[in-house]
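Commentary on secondary and tertiary structure
Listed below are the residues making up each chain.
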Amino acid sequence: MKKAFSPVHIALAAGTMTVLATMTAWAAQLTKDGAKSLALEHAGLKAEDVTFAETDMDMEDNQLTYEIKFVTKDYQTYNYEILAADGTIWSIKYEAGPSSLPQKNKKTSVTSERAKEIALSHAGRKAEDVTFVKTETEYDDGRLEYELEFVTADKKEYEYEISGSTGAVISFEYDAANSLIHTESTGTGQAYPISGVNAAKEAALKQAGLKPGDVVWGAVKADYDDGRLVYEGNFYHGTLEYEFEIDAASAALTEWDVDSIYD
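Quantities reported herein were computed from a predicted structural model and do not represent experimental measurements.

Here helix α2 (residues 32-43) is 12 residues long and its end C-alpha atoms lie 17 Å apart, about the 16 Å a rise of 1.5 Å per residue gives. Among the residues of α2, those classed as buried are Gly34, Ala35, Leu38, Ala39, Leu40, His42 and Ala43. Looking one or two places after α2, you find glycine 44, whose phi comes out positive at around 75°.

On inspection of all chains with the given rule, the structure shows five salt bridges. With its nearest N and O atoms 3.9 Å apart, the salt bridge here joins lysine 134 to glutamate 136. Residue class for glutamate 136 comes out partly exposed when judged on its relative accessible area of 43%. Glutamate 147 is paired through a salt bridge with lysine 134; the nearest N and O atoms lie 3.1 Å apart. Here lysine 134 lies in strand β5 (residues 130-140) and glutamate 147 lies in strand β6 (residues 143-152), a separation of 13 residues in the sequence. You can call lysine 134 partly exposed: its relative accessible area is 22%.

With that out of the way, let us pick up the environment of threonine 131. Positionally, threonine 131 belongs in strand β5. Sequence spacing of threonine 131 and glutamate 157 is 26 residues, and the spatial spacing of their C-alpha atoms is 9.9 Å.

Cut-off values and rules
Residues numbered from 1 in each chain as written. Predicted model: local features only at pLDDT ≥ 70, side-chain atom pairs only at ≥ 80, totals over all residues. Heavy atoms only, no water. Helix = DSSP H or I, 4+ residues; strand = E, 2+ residues; numbered from the N terminus. Expected span 1.5 Å × (residues − 1). Buried < 20%, exposed > 50% of the residue type's maximum accessible area, 1.4 Å probe, protein only. Salt bridge = Lys/Arg side-chain N within 4 Å of Asp/Glu carboxyl O.

Structure follows, in structure tokens:
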């Protein structure tokens, strides 16, 4: 990874993103300059190192926020959304500069599992504390990249693009909106009754009245749909195909279809 990016990595690994920063110095109302200083501090950068492209105020879910965008001298781009009320970081988007991208057709040396480890380390998270909802490979201008998405039990969302040749973080996004809304409405974080693909399979088999040895499994995966963590998939029993979607938070079966394989 680029030296210019390493301070961010250190900050996040120390837990900056795990516990959203609340700056008591701006408890009454964060000023525009205060929001810019907070974003720079979180990114591990100084004002003289960047050019501010945008600093606006907006309303997001009835919350007044600052939208801050700045670019480094080597064209790394940062976008922050910060709550004006208390300085909480609502979301972050980062894109690496062109000089940090690996060369075209450079040999792949990073596996998908290693890419996951890099993303988790960058976010300051452990594998057992998140659910991966997307792990895909993609070629961008001849370069292999891993696209990863994972969520925490309290609905914080992370998206990463990791270079398949160097392991560099090409881009990342962090979104705490669903987490903050959920905490405000319930007063607590949420633990999921359905946690993991195996638990989702057990719930689906129970609904069908079948045992593991009775079926052939298709794809079963976690997904994040409109603020909800769900598990979706299909399996086969005889000449029937079962398709299902299960809400992780309530364990409710939100979709259930049974059709003949000949239809």
